[in-house]
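Coordinate inspection notes
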Amino acid sequence: MPRYKKPVGIYWLQAATTAVAGLGDRSHIWTYRLPSLLGGVLAVLLAFWCARAFATPQEAWLGASLLGMTLLLAAESTIATTDAVQLACLLGAMGVLLRAYLAGRDPKRPALSTRLILVGWASFAAGILIKGPVVPGVCLVTVIASSPGIAIGAG
């Protein structure tokens, strides 16, 4: 009996990878796991890209490597769930937010290109299609917490 409890994005990705990798044969379970695997790989690459906004290449590589070696990411990347793909979407959106934040604080940094902004919005939208309100929620909390004039914990 099918379970259609998640937003439609993961089902679309699984159907697409099954159509391509399974050559039309829907009986191979490994084809449904491909989006999770690709999401996990993309999450590691995007972790490196996010860290490169403020860290050296060696530090960014170390951070991305540590993420790639976690047991949780390895497990989520080999089963047909939304979490690895959601992490990739979140890191794509957060990487653009991070660059926008840094560009606003440092006049020496270049302004964000339209292409990069569109990539951020595409990651945001894909995150909604993959797991609903998680990516918008994390982005909203990040924007609120990094806004000037907000003193968290000040008494």
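Refer to the structure presented above.
These lines cover the structure that appears in this document, whether it is placed above or below. Here the structure is a predicted model, which is why all the values come from computation and not from measurement.

1. A look at the nonpolar core
- One finds Ile-10, Val-85, Cys-89, Leu-90, Ala-93, Ile-130, Val-135 and Cys-139 forming the largest nonpolar core, which totals eight residues.
- Going through the elements one at a time, helix 5 (83-105) and helix 7 (134-146) are the ones with two or more residues in this core.
- The element best represented in this core is helix 5, accounting for four residues.
- Those residues in contact with Val-85, other than ones at most four positions away along the chain, are Ile-10, Leu-13, Pro-35, Ser-36, Gly-39 and Ile-130.

2. Structural notes on the packing of aromatic side chains
- For the structure shown, the criterion picks out one aromatic pair.
- Each ring, one from Trp-121 and one from Phe-124, has its centre 5.5 Å from the other, and the planes form 80 degrees; the classification is edge-to-face. Here the residue Trp-121 and the residue Phe-124 both occupy positions in helix 6 (residues 114-131), the gap between them amounting to three residues, near one helical turn.
- Positioned above the aromatic ring of Trp-49, the side-chain terminus of Arg-99 is 3.9 Å from the ring centre.

3. Quick look at the layout of surface pockets
- In this structure, the largest pocket occupies an estimated 290 Å³ of space.
- For the largest pocket, the lining is made up of 17 residues, of which Leu-13, Leu-42, Val-85, Cys-89 and Ala-126 are closest to its centre.
- For the lining of the largest pocket, the elements supplying multiple residues, two or more each, are helix 1 (8-21), helix 2 (30-51), helix 5 and helix 6.
- Sorting elements by how many residues they give to the lining of the largest pocket places helix 2 first, with five residues.

4. Points about helix 1
- Over its 14 residues, helix 1 extends 20 Å from the first C-alpha to the last, a length consistent with the 20 Å expected when each residue adds 1.5 Å.
- Listing the buried residues of helix 1 in full gives Gly-9, Ile-10, Gln-14, Thr-17 and Thr-18. End-on view of helix 1: buried residues confined to an arc of 160 degrees, all on one side of the axis. Facing away from the buried side of helix 1 by more than 90 degrees, the exposed set consists of Trp-12 and Val-20.
- Considering only its buried residues, helix 1 is in contact with helix 2, helix 5 and helix 6.
- Directly beyond the C-terminal end of helix 1, a positive phi value near 50 degrees is found at Leu-23.

Criteria and cut-off values
Numbering of residues begins from 1 in every chain and follows the order in which that chain's sequence is written. Local features in this predicted model are restricted to residues whose pLDDT is 70 or higher, and side-chain atom pairs enter the listing and the counts only when it is 80 or higher, whereas totals over whole chains, interfaces and linings include all residues. The side-chain values count all of the structure's non-hydrogen atoms but skip hydrogen atoms and water molecules. Buried Ala, Val, Leu, Ile, Met, Phe, Trp, Tyr and Cys residues form a nonpolar core when they are joined through side-chain atoms within 4.5 Å. Buried means the residue's accessible area, taken with a 1.4 Å probe over protein chains only, is under 20% of the maximum for its type, while exposed means over 50%, and partly exposed covers the values in between. Strands here mean DSSP runs of E at least two residues long; helices mean DSSP runs of H or I at least four residues long; both are numbered from the N terminus. We call two residues in contact when some of their heavy atoms are within 4.5 Å. Note on aromatic contacts: the rings of Phe and Tyr and the six-membered ring of Trp form a pair at centre separations within 6.5 Å, being stacked when their planes are under 30 degrees apart, edge-to-face when over 60 apart, and tilted otherwise. We call a charge positioned over a ring when the NZ of a Lys or the CZ of an Arg lies within 6 Å of the ring centre and within 35 degrees of the ring normal. Both site types are read off a 1 Å grid over the protein atoms alone. A 1.4 Å probe that fits but cannot get out defines a cavity, while an open set with protein on both sides within 12 Å along at least five of seven lines defines a pocket; lining residues have an atom within 4 Å of a point. Grid points are joined across faces, edges and corners, and a volume is the space filled by probe spheres set on the points. What a helix should span is 1.5 Å times the count of its residues minus one. In this context, the arc is that of the directions from the helix axis out to the C-beta atoms.

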